[in-house]
Amino acid sequence: MAVNVIIDPNKNEDNNEKQTLLPVGQRIQREIVAWFWVALVFVLINGTIGQARVIPSGSMENTMLVGDHLIMSRIGYDVGVPFTNWHVPLWRNPHRQQVIIFKPPFAPNTTDLIKRAIGLPGDTIDMRGGEVYVNGAKLHESYAVGPSEPAPPGSAPPGHADIKFPYRVPDNCYFAMGDNRTNSYDSRFWGCVPRNDIIGTPVMIYMSLDVAPDAWEPGQIRERFLAYANAALHPGLVRWERLFHTF
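Residues numbered from 1 in each chain as written. Predicted model: local features only at pLDDT ≥ 70, side-chain atom pairs only at ≥ 80, totals over all residues. Heavy atoms only, no water.

1. So, the nonpolar core
Counting residues in hydrophobic clusters, the biggest one holds 15 residues, and the most contacted among them are Ile118, Ile125, Val132, Phe165, Tyr167 and Phe175. Broken down by secondary-structure element, the contributors of at least two residues to this core are strand 7 (124–128), strand 8 (131–134) and strand 11 (173–177). Apart from the residues lying within four places of it in its own chain, the contact partners of Ile125 are Ile118, Gly119, Val132, Tyr133, Val134, Phe165, Pro166, Tyr167, Val169 and Phe175. (Core = buried A, V, L, I, M, F, W, Y, C linked by side-chain atoms within 4.5 Å. Buried < 20%, exposed > 50% of the residue type's maximum accessible area, 1.4 Å probe, protein only. Helix = DSSP H or I, 4+ residues; strand = E, 2+ residues; numbered from the N terminus. Contact = heavy atoms within 4.5 Å.)

2. Section: the state of the cysteines
Joining two cysteines, a disulfide is a covalent bond between their sulfur atoms. Scanning the model with the defined rule gives 1 disulfide in all. With its sulfur 2.4 Å from that of its partner, Cys173 forms a disulfide with Cys192. Taking the sign of the S-S torsion, about 40 degrees here, the bridge from Cys173 to Cys192 comes out right-handed. Placement of Cys173 in strand 11 and of Cys192 in the loop between helix 3 (187–190) and strand 12 (193–194) is noted, with a sequence separation of 19 residues between them. Both residues of the pair, Cys173 and Cys192, belong to the buried class. (Disulfide = S-S within 2.5 Å.)

3. Focus on the pairing of strand 2 (residues 68–73)
Counting buried positions along strand 2 yields 5 of 6 residues, so the element is predominantly enclosed. For strand 2 and strand 13 (residues 198–208), the ladder comprises 6 bridges, and the chain directions are antiparallel. Paired with Asp68 across the bridge in strand 13 is Ser208. (Pairing = 2+ DSSP bridges.)

4. Considerations on the environment of Pro158
Tracing the backbone shows Pro158 in the loop between strand 9 (137–138) and strand 10 (167–168). The exposed category is assigned to Pro158, whose relative accessible area is 82%. Through-space distance from the C-alpha of Pro158 to that of Phe106 is 8.7 Å; in sequence the pair is 52 residues apart.

5. Points about unusual backbone geometry
Of the consecutive residues Glu61 and Asn62, the connecting peptide bond is found in the cis state with omega at 5 degrees. Following the sequence through the fold, Asn62 ends up in the loop between strand 1 (50–54) and strand 2. Note the cis peptide between Phe165 and Pro166, where omega equals 0 degrees. By secondary structure assignment, the location of Pro166 is in the loop between strand 9 and strand 10. Although it is not a glycine, Gln97 adopts a positive phi angle of roughly 70 degrees. For Gln97, the location among the structural elements is in the loop between strand 4 (87–89) and strand 5 (99–102). One non-glycine residue, Asn135, lies in positive phi territory at about 55 degrees. By secondary structure assignment, the location of Asn135 is in the loop between strand 8 and strand 9.

6. A look at the environment of Arg239
Mapped onto the elements, Arg239 comes out in the segment after helix 4 (221–233). In the structure, Arg239 is positioned 29 residues away from Asp210 in sequence and 6.7 Å away in space, judged by C-alpha atoms. Apart from residues no more than four positions distant in its own chain, Arg239 is found in contact with Leu65, Val66, Gly67, Asp68, Ser208, Leu209 and Asp210. Within polar-contact distance, the side chain of Arg239 engages the backbone oxygen of Leu209 at 3.4 Å. (Polar contact = N/O pair within 3.5 Å; in protein donor to acceptor, adjacent residues only side chain to side chain.)

7. A closer look at the sheet that holds strand 10
On the basis of which strands lie adjacent, the open sheet formed by 4 strands has the order 9-8-7-10 and antiparallel pairing. With one partner strand each, in any of the chains shown, strand 9 and strand 10 form the two edges of the open sheet. Across 4 bridges, strand 7 lies against strand 8 in antiparallel orientation. When the bridges of strand 8 are listed, Met127 appears paired with Val132.

Quick look at the structure:
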């Protein structure tokens, strides 16, 4: 026996009308709740899983170029509240020669830095003949550009003593250096990076633009907008070969 199902074509229209006839205050409330959940998801992802970063200087050349846009993973390293300095270190620790992102120990309220972890807690670091030695053994560094030399005397930031070699890395600290050894302000100048200041490690380059370096300096909103607009009009400014490079 066949059963005929009658579908009322006006049912959906009635539902739409009910939505439309909701009081303005209730509709606004629903919008606020919806956007609240969107914001909450963003905060959770941004604070615990990953964040975006852009390279503003040449201190990590040629591993990373000025204008490289990175996805940073915080998983296991750090959890924090976006747009604040509140964060808590987690269980993972960097391994030797891993690239790390951290709060500058000499100026924690400034832009995060990205360097390579050369020395682990308890290591003895030395520099001789333009080479790095860790615990007496020469460190193989195919990524390094230029000779590795100690910082000039008197170049430590205010309140910090000059770093003398051989240098023993304190407990819960890491000795970090940029790959571009002649153009990197790093542990040779201001000492080790406390583990609590390390917030993550880069995962992938998702965009790379060959534009004026000042576009990536902190606070340069206008220059950054113009850089993106210029790249949209001139695709040749995009370093296509660097996109989706992983670390």
